[in-house]
2 protein chains.
Amino acid sequence: MTTASAPGKIILFGEHAVVSGATALGGAIDLRAKISVRDLPGSVLIKTEDLMLQGFSFDLTTGRLTCAQAAYATRYISAVLKEFDVRDMQVCIESRLPAAAGLGSSASIVVATVAAVSRHQGQCLSLREIAEISYRLEKKVQQGLGSPVDTALATYGGYLQISQDIRPLELPPMKMVVGYTKLPHDTKSEVKKVQELKKRHSDLVDPIFRAIGALSEKAVPLIKEQNIAELGQLMNINHGLLASIGVSSRELEELVYAARGAGGALGAKLTGAGGGGCMIALPGADGIEPLMVSLRQARGIPFKVQTGCEGVRLEGDL
Amino acid sequence: MTTASAPGKIILFGEHAVVSGATALGGAIDLRAKISVRDLPGSVLIKTEDLMLQGFSFDLTTGRLTCAQAAYATRYISAVLKEFDVRDMQVCIESRLPAAAGLGSSASIVVATVAAVSRHQGQCLSLREIAEISYRLEKKVQQGLGSPVDTALATYGGYLQISQDIRPLELPPMKMVVGYTKLPHDTKSEVKKVQELKKRHSDLVDPIFRAIGALSEKAVPLIKEQNIAELGQLMNINHGLLASIGVSSRELEELVYAARGAGGALGAKLTGAGGGGCMIALPGADGIEPLMVSLRQARGIPFKVQTGCEGVRLEGDL
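Treat the numbers as computed from the prediction; the structure is a model and nothing was measured.

K.L.:
An account of the side chain of E15 of chain A is needed here, citing residue identities and associated values.
P.N.:
Residues and elements named next belong to chain A. Among the structural elements, E15 can be located in the loop between β1 (2-13) and β2 (24-39). E15 gets classed as buried once you look at its relative accessible area, which sits at 5%. There is a polar contact of 2.9 Å between the side chain of E15 and the side chain of K269. With residues near it in sequence (within four places) discarded, E15 still touches N238, L242, K269, L270, T271 and G272.

Okay, here's the thing in structure tokens:
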């Protein structure tokens, strides 16, 4: 058996503005997808274990129970198996990442599967090759959509600065809390909405995007110096600017204000495309626990994470 | 007996940015303060009737019941009575405006009192004189703070564009809903907080203020053409920009998203200094009622208002 795991990701600053050329900052998080493969003569079987399963549906005519999230993971894994011409394998997925939440769950599944399958076949792909293949496959499954950021973070880990190119940054890890609204997000429609707003009101949206880009750049030295009070304030500003272009929601605001209020967070913002999905919060002096409680109370699902964690890696035999 | 009434106000666009020179747009609303004065030989008595009273306190040592809001109104009326050297008068206040909510309640009380007292003494002040005296008295009671906008709107009614100077605009009335969070707001501390943020991050706050100023100017032709769909979108953008500079709150966001969601509003934003106070919402195709319900459900107090209404006026004898 060969096992590989890859991290999820959060966007710390700059989502949406990055689509129009502003700088963004992303970080890998230690919620990982783990893929184990083993020989299974004569057939291909994809098994899900400990996947955060939601959205089961039961088809009365066929008597078949299907799970949207397992189907979703299966689509990505099938694309990898096809790429590597696999015909005799059992693939087992474990993931701590909620799907369609903007945490790069599909990218981490693709990257971990590429790493596990290629190594099981005796190949030694470089990280660069893993990232390239994974990006190509993710894009194919998403029918042309998707950015290289998620697969790059799942592959290399750490932090990435994204503008015209994608550049790794040497920055220390940070403890944060991710709050999941339990609403799926739809990157495509959120991006489209924002780009349409920009077309109609470029005199408003252009300066907002420039301010967001400036935030991403100001954040880097603050993370380096661990000036988290100031960093939190920049997160709050970024969140408001995202709300101004229409990508926040009642559920996201509830979590953001719960975090800043009773949760004692130094800063909180939505992360990723918005609408639904997740927000992130930087713990204050009282630490992580009040933040976890406040997000649960505000009907979210909180995850403790560390940013800037390791990228794809092979795991010891289970 | 002589009776005068004056309207409250909302800021439609541009609060906070106007402090730094950007354009703002304010409108009078048909929630009015009414002041009736009559001779009362030998003494001065201030009576409150139908005032939205909140925050009573009972002093155990003196056995005296005091009401913060009545005390607040009394301070402004006393200043007017002193200005006009009144010694024998009963003044009766009725107001539909919540105090300290950012709706210009003190300005409307001062303006209506100046109008009623001066007329009762047989003087015929011009609107300009009423506005000037009222602004001077409001500023005195607020110990130097306060802008001429509230007293100007209470005096002239209609709409005002505020930048270097204050300019009346000819615009049609609009039906809106004001949602009161029941939290008092503190203009002074909110303005100070924003100005401090601007000092530390002028490269972020300056473009945000410029975008807010641009919104105020774009709004004028939309109100003229009654293009309320587009106007609502600008309100939403303005709200996010205000949130980005830290003047929103959980309670305001709850009302804003309730209005935009179940309330069917075309747009919703906080109005005035923020923190607490009020938000405003532009009704959608289903009209005012769903908006009233959604704001009540979100723990706010909704008021139906019409913007751009008449300024100070003498009322017929009761």
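K.L.:
Can you lay out the interface of chain B and chain A for me, pointing to particular residues and giving the numbers?
P.N.:
Contact with chain B, which involves 25 residues of that partner, is made by 25 residues of chain A. With both sides pooled, the region where chain B packs onto chain A buries about 2,200 Å², and carbon together with sulfur makes up 64% of that total. When the buried surface of chain B facing chain A is broken down by residue, L204, I237 and Y257 of chain B rank first, second and third, together holding 26% of it. Joining chain B to chain A, the criterion identifies 4 salt bridges. Where chain B touches chain A, the interface holds 10 residue pairs in polar contact (both at pLDDT 80 or more). Of all the secondary-structure elements, those providing two or more residues to the side of chain B that touches chain A are α5 (187-200), α6 (202-225), α7 (228-244) and α8 (250-260) of chain B. Top contributing element to the side of chain B that touches chain A by residue count: α7 of chain B, with 9 residues. Each residue belonging to the side of chain B that touches chain A can be placed in one class, and the counts come to 12 nonpolar, 7 polar and 6 charged.

K.L.:
For the packing of helix α6 (residues 202-224) of chain A against α6 of chain B, give the residues involved together with the corresponding values.
P.N.:
Packing of α6 of chain A against α6 of chain B leaves a shortest axis separation of 9 Å and a crossing angle of 165°. In terms of orientation, α6 of chain A and α6 of chain B fall into the roughly antiparallel class. For α6 of chain A against α6 of chain B, the interelement crossing comes out left-handed. Every residue of α6 of chain B that contacts α6 of chain A at D203, L204, P207, A211, A214, L215 and K218 of chain A is listed here: D203, L204, P207, A211, A214, L215 and K218 of chain B. For the contact of α6 of chain A with α6 of chain B, a count of residues per class yields 10 nonpolar, no polar and 4 charged.

K.L.:
Pulling in residues and values, what's your account of unusual backbone geometry?
P.N.:
Residues and elements named next belong to chain A. Positioned with a positive phi, H16 is a non-glycine residue whose angle comes to about 70°. Tracing the backbone through its elements, the reader meets H16 in the loop between β1 and β2. On the basis of relative accessible area, H16 is assigned to the buried category, the value being 4%.

Conventions used here
- Residues numbered from 1 in each chain as written.
- Chains lettered and ligands numbered in written order.
- Predicted model: local features only at pLDDT ≥ 70, side-chain atom pairs only at ≥ 80, totals over all residues.
- Heavy atoms only, no water.
- Helix = DSSP H or I, 4+ residues; strand = E, 2+ residues; numbered from the N terminus.
- Buried < 20%, exposed > 50% of the residue type's maximum accessible area, 1.4 Å probe, protein only.
- Polar contact = N/O pair within 3.5 Å; in protein donor to acceptor, adjacent residues only side chain to side chain.
- Contact = heavy atoms within 4.5 Å.
- Buried area = accessible area lost by both parts, 1.4 Å probe.
- Salt bridge = Lys/Arg side-chain N within 4 Å of Asp/Glu carboxyl O.
- Nonpolar A, V, L, I, M, F, W, Y, C, P; charged D, E, K, R; others polar.
- Axes fitted to C-alpha atoms, helices over the stretch in contact; angles between N-to-C directions.
- Parallel < 35°, antiparallel > 145°, perpendicular 65-115°, else oblique.
- Left-handed = near helix turned anticlockwise from the far one by under 90°.

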